[in-house]
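# Overview (structure and organization)
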Amino acid sequence: MGLTVFNVEGFRALDCVAIKPNPKINLIFGQNASGKTSLLESIYYLGRGRSFRSLGNQPLIHHGKEAFTLFGALERNGPNTSIGIETTKLGRKIHINGKAARGMDLIKNLPVLVIDPEIHQLLQGSPIERRRLIDWGVFHVKHEYLKELRSYNKALKQRNAALKNNDPDNQVSIWNQKLIMHGEALNCDRIEYLSEIIPLFESICSKNLSIDVKISYLRGWPKGKDLGESLILSTNNDKSRGFTQFGPHRADLVINFGNKRARQTISRGQQKLLAAALVITQAKYYSTRNPSDLVLLVDDPAAELDKINRENLFSLLENLSAQLFITALEEKDLKGFKGGNSYAISSGKIASLV
């Protein structure tokens, strides 16, 4: 069912907002700088412990305020859950069902994905965001994956420090063993997850968007070699560069349109549509395992899409088993959506529309 209550105070443009969302569709209308994107961002923060727009917490605190607070009540297949966050310039406190909790507990309790106006960067930009998308999906299949990922990143940090200090090879090899153990496990989990996601994505693109694409996973080290061999062979080069060149931290997803990468051959609008389809694919896959638990935030989906592509995207969203929060400048921009709740937001204040 998703969020049944959401309250936010002192977050960016939002002074004090309280809503009781519809379990399926929630449409938010407002002009630029009215606070509609801030509302989506605050919901995202409740489920991820970070913003999808900026780094750090201080820019998120409303001007003149000392802190922001978020509260959400969730109805789900299992026990109902309440989440509260208070964030100041010095830190934050998280409570779930009244008990102190950690950031990773937010991810477990409120699965949230976002499609924003910069979603094309998922194709055009750095592999970091593509890896994050993969990691989010794998985590929700295997919760222990996050512990494995943290262990790998810790070993990677230590190996990089040894490389920069020009430590003896036997010292570097100690961290190699840690990287191999955790890195191979991460790679296996990713491959298992993507074996389900990739065919689903390609099918959605072909059947729903009339775009034929192929997607492949690059694991982060050379074909024909295992991770241990790659690390040993690259040791001298790694020392000269001061960082580890091979491993799951260099993995990527490549989307090809014809014989070329999609980001090099298609328009920004088509990139946005493909990237949105990749997020929706994850949402569809998640929902087959956890019906009605997912929240999907969609910020200004009408931007940069022509009429046909906009209708294709809206059709994918309407058929999704998730709680939707969708923003637009005007009601006519989302006229294809039926039912649900509609809100008007202006100067950080929100009102329900009949």
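Figured I'd write up the structure that's included with this text.

### Here's the deal with the pattern of salt bridges
- This structure, assessed with the given rule, holds 15 salt bridges.
- Residue K142 pairs with D189 through a salt bridge whose shortest N-O separation is 2.9 Å. Pair noted here: K142 is in the loop between α4 (127-139) and α5 (145-164) and D189 is in helix α6 (residues 169-208), with a separation of 47 residues, a long-range link.
- In this structure K142 comes out as partly exposed when scored by relative accessible area, which is 22%.

### Quick look at the sheet that holds strand β14 (residues 341-346)
- Read across the sheet, six strands follow the order β8-β12-β13-β3-β14-β15 without closing on themselves; strand pairing throughout is mixed. The two strands at the open ends of the sheet, each matched to only one other strand, are β8 (112-115) and β15 (349-353). This sheet shows a mean twist of 20 degrees between the axes of neighbouring strands, independent of strand direction.
- Both strand β12 (residues 295-298) and strand β13 (residues 323-328) contribute to a ladder of four bridges, which runs parallel.

### Let's talk about the sheet that holds strand β10 (residues 252-257)
- The sheet built from three strands is open, its strands ordered β9-β10-β11 with antiparallel pairing. The open sheet has two free edges, formed respectively by β9 (214-218) and β11 (260-261), since each of these has just one partner strand.

### As for the packing of α4 against α5
- Two numbers describe how α4 lies on α5: the axes approach to 8 Å, and their chain directions differ by 135 degrees. Between α4 and α5, the angle falls in the class oblique. Residues D135, V138 and F139 of α4 lie in contact with α5, whose contacting residues are Y145, L146 and L149.
- Grouping the amino acids of the contact of α4 with α5 by side-chain chemistry returns five nonpolar, no polar and one charged.

### Thoughts on the side chain of S342
- Along the chain, the position of S342 falls in strand β14.
- Each residue touching S342, except ones within four places of it in the same chain, is listed here: L27, F29, A351, S352 and L353.

### What about unusual backbone geometry?
- The phi dihedral of N166 is positive, around 55 degrees, even though this residue is not glycine.
- The topology assignment puts N166 in the loop between α5 and α6.
- Positive phi, close to 55 degrees, is recorded for S210, a residue that is not glycine.
- Looking at the secondary structure, you find S210 in the loop between α6 and β9.
- Accessibility expressed as a relative area gives 68% for S210, which makes it exposed.

### With respect to the environment of I180
- Of note, I180 is situated in helix α6.
- For the pair I180 and L227, spaced 47 residues apart in sequence, the C-alpha separation works out to 6.2 Å.
- If we ignore the near neighbours within four places in the chain, the residues touching I180 are L227, G228 and L231.

### Focus: the pairing of β12
- In β12, alternate side chains face the same way, and those of V295 and L297 on one face and L296 and V298 on the other are all buried.
- Here β8 pairs with β12 via four bridges, running parallel. Counted as the bridge partner of L113 is L296 from β12.
- Tracing the backbone out of β12, into helix α11 (residues 307-318) and back to the parallel element β13 gives a crossover that is right-handed.

### Re the environment of A100
- Along the chain, A100 falls in strand β7 (residues 99-100).
- Judged by relative accessible area, A100 falls into the exposed class, the value being 70%.
- Along the sequence, A100 and I85 sit 15 residues apart, while their C-alpha atoms lie 10.0 Å from each other.
- Residues contacting A100, with those up to four places away along its chain left out, are I94 and H95.

What counts and what doesn't
- Residues numbered from 1 in each chain as written.
- Predicted model: local features only at pLDDT ≥ 70, side-chain atom pairs only at ≥ 80, totals over all residues.
- Heavy atoms only, no water.
- Salt bridge = Lys/Arg side-chain N within 4 Å of Asp/Glu carboxyl O.
- Helix = DSSP H or I, 4+ residues; strand = E, 2+ residues; numbered from the N terminus.
- Buried < 20%, exposed > 50% of the residue type's maximum accessible area, 1.4 Å probe, protein only.
- Pairing = 2+ DSSP bridges.
- Axes fitted to C-alpha atoms, helices over the stretch in contact; angles between N-to-C directions.
- Parallel < 35°, antiparallel > 145°, perpendicular 65-115°, else oblique.
- Contact = heavy atoms within 4.5 Å.
- Nonpolar A, V, L, I, M, F, W, Y, C, P; charged D, E, K, R; others polar.
- Right-handed = clockwise from strand over helix to strand, strands pointing away.

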